[in-house]
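The residues making up each chain are set out below.
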Amino acid sequence: MAAELARLTGLITAIGPSLPVAVVGDLNVPRDSAVLADFIAAAGLRDLLAGDTRPTYRPTPRWPSPPALNHVLVRAAAGETLTGGADFVFQDKVTLGDGRQAYLSDHYGVRARLIRSTRHGEGPGRA
């Protein structure tokens, strides 16, 4: 996994600072792992779910306490702030077209709300 995150780090750092970046999804790395912490630091990201210990993978009898594997990592554009939050969705079974009840995935969905704003006194047209 470290090799994939190193490649992703290269792609992220190649994106100019004038653009915001969001990395969202299942990285197959627990939120509290050193590998993820190294990736976040190297890519200049911030974890919107930092400190949230809820699992993002549906517990099963074989894995009753899975870790948080889904992430919302962001980097603001230069002269901006990027705030927001995230929560989990699709935790319960849903009714399918044929009437059966089923989970949509083995992972919970992650809904993120990102808010871009210009820092006071910076940005285009500001003195």
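Above: the structure in question.
Rules used throughout
Residues numbered from 1 in each chain as written. Predicted model: local features only at pLDDT ≥ 70, side-chain atom pairs only at ≥ 80, totals over all residues. Heavy atoms only, no water. Helix = DSSP H or I, 4+ residues; strand = E, 2+ residues; numbered from the N terminus. Expected span 1.5 Å × (residues − 1). Contact = heavy atoms within 4.5 Å. Core = buried A, V, L, I, M, F, W, Y, C linked by side-chain atoms within 4.5 Å. Buried < 20%, exposed > 50% of the residue type's maximum accessible area, 1.4 Å probe, protein only.

Participant: Pulling in residues and values, what's your account of helix 1 (residues 2–13)?
Facilitator: For an α-helix, the turn length of 3.6 residues means that residues three or four places apart are oriented alike. If you check helix 1, its first and last C-alpha atoms are 16 Å apart, about what twelve residues at 1.5 Å a residue would give, namely 16 Å. Each element contacted by the buried residues of helix 1 is listed here: strand 1 (21–26), helix 2 (34–43) and strand 3 (70–75).

Participant: A description of the nonpolar core should follow, citing residues and the corresponding values.
Facilitator: The tendency in soluble globular proteins is for nonpolar side chains to be buried as a group. Counting residues in hydrophobic clusters, the biggest one holds twelve residues: Leu5, Ile12, Val21, Val23, Leu27, Val29, Leu36, Phe39, Ile40, Ala43, Leu45 and Leu73. Only helix 1, strand 1 and helix 2 provide two or more residues apiece to this core. Ignoring any residue separated from it by four or fewer positions in sequence, one finds Phe39 in contact with Leu5, Leu8, Thr9, Ile12, Leu27, Leu45 and Leu73. The next biggest cluster of nonpolar side chains, apart from the first, holds seven residues, and it includes Leu48, Leu49, Val72 and Phe88.

Participant: Lay out unusual backbone geometry in plain terms, naming residues and giving numbers.
Facilitator: Positive phi, normally seen in glycine, also occurs at Asn28, with a value near 55 degrees. Note that Asn28 resides in the loop between strand 1 and helix 2. We note that Phe90 has phi near 55 degrees; this positive angle belongs to a residue other than glycine. With respect to the element layout, Phe90 can be found in the loop between strand 4 (80–89) and strand 5 (94–95).

Treat this as a map of the structure, not an account of what it does.
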